[in-house]
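Coordinate analysis (summary)
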Amino acid sequence: MPLVPLATFRTPRKAAAAQVAQSFIVPAPTGGLNYRDPIVAMQPTDAVVLNNMIPKQQGVELRKGWQEFSDAINIGGNPQSAESVFQYRAPNSANNKIFMATAGNIYDITAGGTPVLVVSGTGSNANDWWTTQFSTVADTFLLAVSPGAGYWTYSTATGWLDRTASTTNLPNTVRTVAVWKRRVWFTADDARVYYLNSVDVITNTCTAFPMGAMLRNGGYVSALVNWTLDAGIGIDDYLVAIGSEGDVAVWEGSDPSNASLFALKGCWYVGPVPKHGSYFTQLGGDVMIVSELGLVPMSRLINGSYSVDNQNAGPAIKIQSVFAPFVRRLKNEKFFNVFVVPNSEVLVISLPVDNGYYRQFAMNISTGAWCQFANFPIRSAAAIGGELYFGKSDGTVCRGLYGQRDGVAQDGSGGTFPVGEIQCAYNAFNTPAQLKKFCLARNIFFASAAPSVNTNVNIQYFTQDTSGAPSFNTTNVVLWNSGIWNVAVWVSENNFESWHGVNGLGYYGSLRIKLTGIPGSTFLSSHLLCETGGVM
């Protein structure tokens, strides 16, 4: 039998392990907060939690900070709360003014630092001042009213003057002031409005006009609004009267003393409105009113697309179910503030302090997406020159949505970087019936310096916060006026990516991120790695 050579020995090849992990993209929640839809049916671009992160078109951006602007007012060693902040815009910008009111006095804080007392003993019993501007052939005036103080004006030429006595028949309980069709109008704590008999004047004899017929739910006339609207027959200015219990009347015409030239266009209902502060603002060609029904746009109210039974047509539709209960609970507290900050492209609704917690809802005016602000201690506020100024309970006035840190002193020292929180919509990642083990997340940011980030994945519809707060290291970050020459690294906007270990076992997952960094840091997306298992 012939010998057969043995075959050459070969090391057996090992079979490669099968890939069990899958990667899914989690987009930035550019659609903003969503309290309207069921948590299981939200769009991937919506958010369950979005604090201090403004939804933009390409991502969600960490808001700017705030810095003290003027000193606190102390009377008898006691700090006085900054109850009102308002401005005067002069024809010559060099004469612009910023004022603050507290303890029955008015202070000039234009230069920041120490407030300058300009009016003492106004008689205001609430320090809740309502202001507007009016230009006549004589001058450009700031018109200001407050219950107890009556009616005051300011101009560069005249300074502050008490006009209550020279405005015949005007009660000193006057609450608000407005200008409509070149005529000054007032409201007080009753069911009437008051108007000056002559146009283009700031003081004259006042005539009371009864509004009781429009107040079908009682109360008093809370405020007047000049609303410019194209009703299909050309652009015209309408007078909107808002009752304290939610009745809204729209008037058209020009002369209230002539029935043929002044007529009621219609009455609607928006729900009871807040008692203190400014609870409405003009945005574009609309008027947004905060009431117990939420945020009500006048344009949709009068065309019938918004009502008590149908609240699904307003700009706050996604937050209405959470926002409206806050209004109902806090409507008698001080102060509501509604304003637009053009420099940050947001409409802000600041609520009264709630058990020590300050809360603001903010809407991107371009996209209509909402978020919340935290650590903004707003007592009173005003948008001045496109920027936010707000008063605090300790009497200081601050610049808001300004700078890189929160709580910065006037000299630029101190403060902390804002902390943003994101929880994206819950997602089944195309396998709602299969368990998933979440392993890793790679977050992608667009920023001038890499933010510090804590990341986790919540499962089964929890909204649990990440453990601890990220510490932002600014050692090698160039901050204007504090970066060290030849040490700090000058960087421009860049993409930053980093992997984070996460854990969680469930059918649905929601990415939860907490970050600290330089304002403007934008979360773009995340790649989430998970292992898909069986049904059980």
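Use the structure listed above.
The following paragraphs examine the structure supplied in this document. Everything numeric in this text was worked out from a predicted model, so none of it was measured. (Residues numbered from 1 in each chain as written. Predicted model: local features only at pLDDT ≥ 70, side-chain atom pairs only at ≥ 80, totals over all residues. Heavy atoms only, no water.)

A short note on the overall build of the chain
Tallying secondary structure elements over the chain gives two helices and 42 strands in all. Contacts in the chain between residues at least 24 apart in sequence constitute 61% of all its contacts with a sequence separation of at least 6. Summing over all exposed atoms, the chain offers an accessible surface of approximately 23,500 Å²; the carbon and sulfur share of this is 51%. (Helix = DSSP H or I, 4+ residues; strand = E, 2+ residues; numbered from the N terminus. Contact = heavy atoms within 4.5 Å. Areas by Shrake-Rupley, 256 points an atom, 1.4 Å probe, with all protein chains shown as cover.)

Details of the layout of surface pockets
Its volume calculated, the largest pocket comes out at about 1,000 Å³. For the largest pocket, the lining is made up of 34 residues, of which Trp-130, Thr-131, Thr-132, Ser-278 and Phe-280 are closest to its centre. Among the secondary structure elements, those contributing two or more residues to the lining of the largest pocket are β9 (84–88), β13 (130–135), β17 (176–180), β21 (221–230), β25 (277–278), β26 (280–283), β29 (336–341) and β33 (380–384). (1 Å grid on protein atoms, 1.4 Å probe; cavity = no way out; pocket = protein on both sides within 12 Å on 5 of 7 lines; lining within 4 Å. Points joined across faces, edges and corners; volume = space filled by probe spheres on them.)

A short note on the packing of aromatic side chains
All chains considered together, the criterion is met by 28 aromatic pairs. Arranged with centres 5.3 Å apart and planes meeting at 85 degrees, the rings of Phe-209 and Phe-262 form a pair that is edge-to-face. With Phe-209 in strand β20 (residues 206–210) and Phe-262 in strand β24 (residues 262–269), this pair connects stretches of sequence that are 53 residues apart. On the basis of relative accessible area, Phe-209 is assigned to the buried category, the value being 16%. Taken together, the ring pairs in this structure connect Trp-180, Trp-185, Tyr-195, Phe-209, Trp-251 and Phe-262 into an aromatic cluster. Above the plane of the ring of Tyr-402 lies Arg-399, whose end atom (NZ or CZ) is 3.9 Å from the centre. Over the face of the ring belonging to Phe-417 we find Arg-405, whose NZ or CZ atom lies 5.6 Å from the ring centre. (Phe/Tyr/Trp six-rings, centres within 6.5 Å; stacked < 30°, edge-to-face > 60°. Buried < 20%, exposed > 50% of the residue type's maximum accessible area, 1.4 Å probe, protein only. Lys NZ or Arg CZ within 6 Å of the ring centre and 35° of its normal.)

Things to note about empty space enclosed by the protein
Inspection of the entire model under this criterion finds two cavities of 30 Å³ or more. Quantified by volume, the largest cavity comes out at close to 40 Å³. When residues in the lining of the largest cavity are grouped by element, the largest group, three residues, is from strand β1 (residues 21–27). Partitioning the lining of the largest cavity into residue classes produces six nonpolar, one polar and no charged. The space that makes up the second largest cavity amounts to roughly 40 Å³. Around the second largest cavity, the lining residues are Lys-334, Phe-335, Leu-351, Pro-352, Val-353, Tyr-358, Ile-378, Arg-379 and Ser-393. A class-by-class count of the residues in the lining of the second largest cavity yields six nonpolar, one polar and two charged. (Nonpolar A, V, L, I, M, F, W, Y, C, P; charged D, E, K, R; others polar.)

Focus: the side chain of Asp-46
If you trace the backbone, Asp-46 turns up in strand β3 (residues 46–51). A residue is classified by how much of its surface remains accessible, and Asp-46, at 2% relative accessible area, is buried. In this structure, Asp-46 is in contact with Pro-29, Gly-31, Gly-32, Asn-34, Asp-37, Lys-318, Cys-424 and Ala-425, ignoring residues within four places of it in sequence.

A short note on the environment of Leu-283
Within the element layout of this structure, Leu-283 appears in strand β26. As a C-alpha pair, Leu-283 and Ile-365 span 82 residues in sequence and 8.6 Å in three-dimensional space.

Topic: the sheet that holds β9
Taking strand neighbours across the sheet as the criterion, the four strands line up as β9-β10-β11-β12 in an open arrangement whose pairing is antiparallel. Of all strands in the sheet, those bounded by a partner on one side alone are β9 and β12 (116–119). Across this sheet, the average inter-strand angle for adjacent strands is 35 degrees, counted without regard to direction. Pairing of strand β10 (residues 97–102) with strand β11 (residues 105–108), which is carried by four bridges, proceeds in the antiparallel orientation. Each bridged residue has a counterpart across the sheet, and for Ala-101 the counterpart in β11 is Ile-106. (Pairing = 2+ DSSP bridges. Axes fitted to C-alpha atoms, helices over the stretch in contact; angles between N-to-C directions.)

Some words on the environment of Val-270
Following the sequence through the fold, Val-270 ends up in the loop between β24 and β25. What makes Val-270 buried here is its relative accessible area of 0%. It is 6.9 Å that separates the C-alpha atoms of Val-270 and Val-296, two residues lying 26 residues apart in sequence. Val-270 has contacts with Gly-246, Val-248, Ser-291, Glu-292, Leu-293, Val-296 and Leu-301, leaving out every residue within four places of it along the chain.

Digging into unusual backbone geometry
Excluding glycine, most residues fall at negative phi; most peptide bonds, likewise, are trans. The omega angle of the peptide bond from Lys-334 to Phe-335 is -10 degrees, so this bond is cis rather than trans. Within the secondary structure, Phe-335 is located in the loop between α2 (320–330) and β29. The backbone phi angle of Leu-401 is positive, close to 50 degrees, even though this residue is not glycine. Along the chain, Leu-401 falls in the loop between β35 (397–400) and β36 (419–424). The exposure class of Leu-401 is buried, given its relative accessible area of 8%. You will see that Asn-430, though not glycine, has its phi angle at about 70 degrees, which is positive. Relative to the elements of secondary structure, Asn-430 occurs in the loop between β36 and β37 (436–447). On the basis of relative accessibility, which here comes to 74%, the residue Asn-430 falls in the exposed class.

Details of the pattern of salt bridges
Per the counting criterion, the structure on display carries 20 salt bridges. Taking the shortest distance from any N to any O, the salt bridge between Lys-318 and Asp-46 comes out at 2.8 Å. Note that Lys-318 is positioned in the loop between α1 (298–302) and α2 and Asp-46 in strand β3, a separation of 272 residues in sequence. Put simply, Arg-399 and Glu-387 hold a salt bridge, and the shortest N to O gap is 2.5 Å. Here Arg-399, found in strand β35, pairs with Glu-387, found in strand β34 (residues 387–391); they are twelve residues apart in sequence, far enough to count as distant. Residue classification places Glu-387 among the partly exposed residues on the basis of a relative accessible area of 23%. Here the salt bridges share partners, and the residues they tie into one network are Glu-421, Asp-465, Arg-512 and Lys-514. (Salt bridge = Lys/Arg side-chain N within 4 Å of Asp/Glu carboxyl O.)

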